[in-house]
Amino acid sequence: ASGRGLSDLRSIIGDESYNRLMAIRNSRLHSFLAWVISVCEPASVFVSTGSPEDNDYIRRKAIESGEEIPLRLKGHTIHFDSPLDQARARDDTAILLPNNQKLPFIRTKDRDEGIKEMLTLLKGIMRGREMLVGFYSLGPKASPFSILAVQVTDSYYVMHSENILYRQAYDEFIRQGEEARFLKFIHSQGELNEMKQSKNIKQRRIFIDLTDETVYSVNTQYGGNSIGLKKLALRLTIKRAMEEGWLSEHMFLIGVNGPGGRVTYFTGAFPSMSGKTSTAMLGRLIGDDLAYLRIINGEVRAVNPEAGVFGIIEGINPVDDPLIYEVLSKPGELIFSNVLMLENGDVYWNGKGEPEPSSGINYTGKWWRGKVDDKGNPIPPSHPNARFTVSLKAFSNLDPAYDDPKGVVVKGIIFGGRDSDTLVPLLESFNWEHGVVTIAASLESERTAAVIGKAGEREFNPMANLDFLSVDLGVYISNYLRFGKEASNPPKIFGVNYFLRDEQGRFLNSKEDKKVWLAWMERRVHGELDVVETPIGLIPRYNDLKGLFREVLGKEYSLENYEKQFAVRVSKLIEKIDRIMKIYSEIPTTPKILFNILSEQRQRLLE
Ligand code: SPV
Ligand code: MN
């Protein structure tokens, strides 16, 4: 620390912002901000109270600074990230741990070294710029789930996004004063090019300091790397969840409508681009990406830490995703990123269901059909990981309980991945432990464009949370197992796979089949349908699915399809168990029960 306090920096901060900070009586907040200002050396500071005027200021500056461009529809803007900054950057992201500790599967870095490197990068990085400070609550305010956070950034786009995606909580900081415990996020987009994109991508670094609950992110703008409260906070909250015995998960949270008007809540963990959002949209939406689960009076209850959606836009069209399409087509506050901007101020994205335009502006600058990158590959109109940012309130299927401080009772947890040749489309575990081990902890998925790197490779991705893990995987799984034991009636665990193919490579299911699977799970939770017991778990009976296909989709479902889809692929399943066993056998903290459950399953498959 430089020793300078906020009062010494008053000329930079300005009276208005200074008074706003002083209204929060929290000395740790004050010294943190004084430190950041001393290091980053901004020209000025704007402290947001989250008032309509303050939010308007951020919106206006996002446009004035060129970070966002207004579009034809009122409230719509577009932002472009650098071509090299279009997804989560695993290789530039590290968890900082003291004494150069290592954790399996997690990119770690010695804490002292990381902080030193970061200080060099941050030194003077905000010169000539305004530093923005925002206050938020992850989860409904003043609830047992709520986690406070402060974001510092020099990007109007980042703060604009957070104002849409999170609950603003300046008032909570004031109320809690010195008591307030909060996560800290420091972001700088660094130098920008003519398109207002981060220029120094080689110096992109995202360091997560668990010790101090602080995340540093520099020389990047892509939301998954820059928006502190999203995936950066997830690393910190997973750590807290471990210490306190709850779950911080990469899951949607939805209510599913059942017979007689009942609503049953489910969470669902899927690696991105594996059907997560489209599944979430089939229900009454509470959250599309993250969930906190806690046991309250014996019940598993959950909230969405977020209040908006940072969603994938590719393939959204009026036929496949009518609810999202509607949100994207009406006026209202919405940020597009990395789609194609047309001359008339409209936007186009891959799979919009309209003829492809011949030109426009995209993340690579002026785009025309046939434009190629330096490797000669055609540049698509929009990036496959192009996104939209919008408040939950824009969705017509928003569940009224979305902001309930007590959360909703979760009855089922769904795990899904991209798997072309192994798992059945729908499966229920025998019990909590069996589901945690054979479905959740054994999750594998083929990689997608949401992460920088080669798409298509099969990756181990337990709980679809591996990219965000900040604790030892064995410890994480033990916490999961314990969590279910502590609940008086733990949620049922289901596995789904929308990506199964036949020998010719054709998908075995159509997109809408997931509606039937959801209806089946909803009824299973209420004990209404019987099942077929297989070596890997419980699968639907043909007749039940046949009835549900008629009821839900008005379609016939043939026995032939059922038999192809629900065949237990013994040799593939054994190979999978062997892969998973090998992984866990190299992690010393893996609970014994995991090996027992996998061995028993292997044995059942052999019999
Ligand atoms: C995902 O890819 O899982 C997302 C977007 O939800 S990101 O913020 O990049 O993680
Ligand atoms: Mn996600």
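Positions within a chain are numbered from 1, following the residues in the order the chain's sequence is written. In the order they appear in the text, chains get letters beginning with A and ligands get numbers beginning with 1. Only residues with pLDDT of at least 70 get local features here, since the model is predicted, and only at 80 or more are side-chain atom pairs given and counted; chain-wide, interface and lining totals rely on the full set of residues. For the side-chain quantities, the full set of heavy atoms in the structure was used; hydrogens and water were omitted.

**A look at the overall build of the chain**
Going by this rule: Under the scheme used here, helices are H or I runs from DSSP no shorter than 4 residues and strands are E runs no shorter than 2 residues, and both carry numbers assigned from the N terminus. The size measure is the radius of gyration over C-alpha atoms, and the globule rule it meets is 2.2 Å times the number of residues to the 0.38 power. Contacts were defined at the residue level, with two residues in contact if any of their heavy atoms lie within 4.5 Å.
Within the chain one finds 18 helices and 31 strands. Scaling as 2.2 N^0.38, a compact globule of 607 residues should have a C-alpha radius of gyration of about 25 Å, and the chain matches this with 24 Å. Each of the three principal axes of the chain carries a C-alpha extent, and together these read 75 × 55 × 50 Å. Considering only intrachain contacts with a sequence separation of at least 6, the fraction spanning at least 24 residues in the chain is 73%.

**Side note on the pattern of salt bridges**
Going by this rule: Throughout this description, the term salt bridge denotes a Lys or Arg side-chain nitrogen within 4 Å of a carboxyl oxygen of Asp or Glu.
Under the defined criterion, the tally for this structure stands at 57 salt bridges. Between Asp289 and Lys276 there is a salt bridge, and its shortest N-O distance comes to 2.9 Å. Of this pair, Asp289 sits in the loop between strand 15 (284-287) and strand 16 (291-296) while Lys276 is found in helix 10 (residues 276-280), placing the two residues 13 residues apart along the sequence. Between Asp421 and Arg458 there is a salt bridge, with its nearest N and O atoms 3.4 Å apart.

**Regarding the sheet that holds strand 2 (residues 69-70)**
The following threshold applies: Paired strands, in this sense, are two strands between which DSSP finds at least two bridges.
Strand order in the open sheet formed by five strands is 2-3-19-24-18, and the pairing between neighbours is mixed. On the outer flanks of this sheet lie strand 2 and strand 18 (308-312), each paired with one strand and no other. With two bridges joining them, strand 2 and strand 3 (residues 76-79) adopt antiparallel strand pairing. Paired with Pro70 across the bridge in strand 3 is Thr77.

**Points about the environment of Leu553**
Formally: For the exposure calls, accessible area comes from a 1.4 Å probe over protein chains only, and a residue counts as buried if that area is under 20% of its type's maximum, exposed if over 50%, partly exposed in between.
Looking at the element boundaries, Leu553 is found in helix 15 (residues 542-553). With a relative accessible area of 19%, Leu553 lands in the buried category. For the pair Leu553 and Glu512, spaced 41 residues apart in the sequence, the C-alpha separation amounts to 7.9 Å. Setting aside chain neighbours within four positions, we find Leu553 in contact with Glu512, Asp513, Lys515, Val516 and Leu548.

**Regarding the coordination of the manganese ion (ligand 2)**
Heads up, the condition is: Metal donors were taken as nitrogen, oxygen and sulfur atoms no farther than 2.8 Å from the ion, or 3.2 Å where the ion is Na, K or Ca. Water is excluded, so coordination may look unfinished.
Ligation of the manganese ion (ligand 2) by protein atoms is provided by Lys231 (NZ), His250 (NE2) and Asp289 (OD), these donors lying 2.1 to 2.3 Å from the ion. Mapped onto the sequence, the donors of the manganese ion (ligand 2) take the spacing K-x18-H-x38-D. With Lys231 in helix 9 (residues 228-244) and His250 in the loop between strand 12 (247-249) and strand 13 (251-257), this residue pair connects regions lying 19 residues apart in the sequence. Here the two residues Lys231 and His250 agree in accessibility, since each one is buried.

**Some points on the side chain of Asn26**
Spelled out, the test is: Polar contact criterion, stated in full: a pair of N or O atoms within 3.5 Å, where within protein one must be able to donate a hydrogen and the other to accept it, and residues adjacent in sequence count only if both atoms are side-chain atoms.
For Asn26, the position within the fold is in the loop between helix 2 (15-22) and helix 3 (27-40). A polar contact of 2.9 Å, which involves the side chain of Asn26, links it to the backbone nitrogen of Leu29. Apart from the residues lying within four places of it in its own chain, the contact partners of Asn26 are Gly177, Glu178, Ala180 and Phe182.

**Here's the deal with unusual backbone geometry**
Phi is positive for Ala142, close to 50 degrees, though the residue is something other than glycine. Turning to its location among the elements, Ala142 is positioned in the loop between strand 6 (130-138) and strand 7 (147-153). When its relative accessible area of 53% is taken as the criterion, Ala142 is described as exposed. For Lys196, which is not a glycine, the phi torsion comes out positive at approximately 60 degrees. With respect to the helices and strands, the residue Lys196 is situated in the loop between strand 9 (182-188) and strand 10 (205-209). The partly exposed category is assigned to Lys196, whose relative accessible area is 31%.

**A look at the site of ligand 1**
What counts is decided by this rule: Here a residue is considered near a molecule or strand provided that any single heavy atom belonging to it is located within 4 Å of it. What sets the accessible areas is the Shrake-Rupley method with a 1.4 Å probe; for residues, cover comes only from the shown protein chains. For this classification, the nonpolar set comprises Ala, Val, Leu, Ile, Met, Phe, Trp, Tyr, Cys and Pro, the charged set comprises Asp, Glu, Lys and Arg, and every other residue, Gly included, is treated as polar.
If you check the shell around ligand 1, you find Arg88, Tyr222, Gly224, Lys230, Lys231, His250, Ser272, Asp289, Phe310, Arg387 and Ala450 and nothing else. The contact in question runs from an oxygen atom of ligand 1 to an N or O atom on the side chain of Tyr222, over 2.6 Å. Within the side chain of His250, a nitrogen or oxygen atom sits 3.2 Å from an oxygen atom of ligand 1. For ligand 1, the protein covers 98% of the area, taking 280 Å² as the surface of the free molecule. Of the residues that constitute the shell around ligand 1, the class distribution is three nonpolar, three polar and five charged.

**Here's the deal with helix 17 (residues 570-585)**
Our working rule: Multiplying 1.5 Å by the helix residue count minus one yields the expected span of that helix.
Its 16 residues give helix 17 an end-to-end C-alpha distance of 22 Å, which sits within 8% of 22 Å, the value for a rise of 1.5 Å per residue. Buried within helix 17 are the following residues: Leu573, Ile574, Lys576, Ile577, Ile580, Met581, Ile583 and Tyr584. For helix 17, the elements touching its buried residues are strand 27 (444-446), strand 28 (458-460), helix 13 (473-486) and helix 18 (592-606).

**Some words on the confidence of the model for the chain**
Rules: Scored between 0 and 100, pLDDT is the confidence that the predictor attaches to each residue.
Averaged over all residues, the pLDDT of the chain is 97; the fraction at 70 or higher stands at 99%. With pTM at 0.97, the complex prediction returns an ipTM value of 0.98.

**Let's talk about the packing of helix 12 (residues 432-440) against helix 13**
The line we're drawing: With axes taken as lines fitted to C-alpha atoms, and helix axes fitted only over the stretch in contact, angles between N-to-C directions fall between 0 and 180 degrees. Throughout this description, any angle smaller than 35 degrees is read as roughly parallel, any larger than 145 degrees as roughly antiparallel, any in the 65 to 115 degree range as roughly perpendicular, and the remainder as oblique. For any helix crossing, the convention is left-handed if the near helix is rotated counterclockwise from the far helix by under a right angle, and right-handed if that rotation is clockwise.
With their axes 9 Å apart at the nearest point, helix 12 and helix 13 run at an angle of 155 degrees to one another. By the angle between their axes, helix 12 is roughly antiparallel relative to helix 13. Considering how the two elements wind past one another, helix 12 and helix 13 form a crossing that is right-handed. Contact with helix 12, carried on its side by Trp432, Glu433, Val436 and Val437, involves Ile477, Tyr480, Leu481, Phe483, Gly484 and Lys485 of helix 13 and no other residues of that element. For the contact of helix 12 with helix 13, the per-class residue count stands at seven nonpolar, one polar and two charged.

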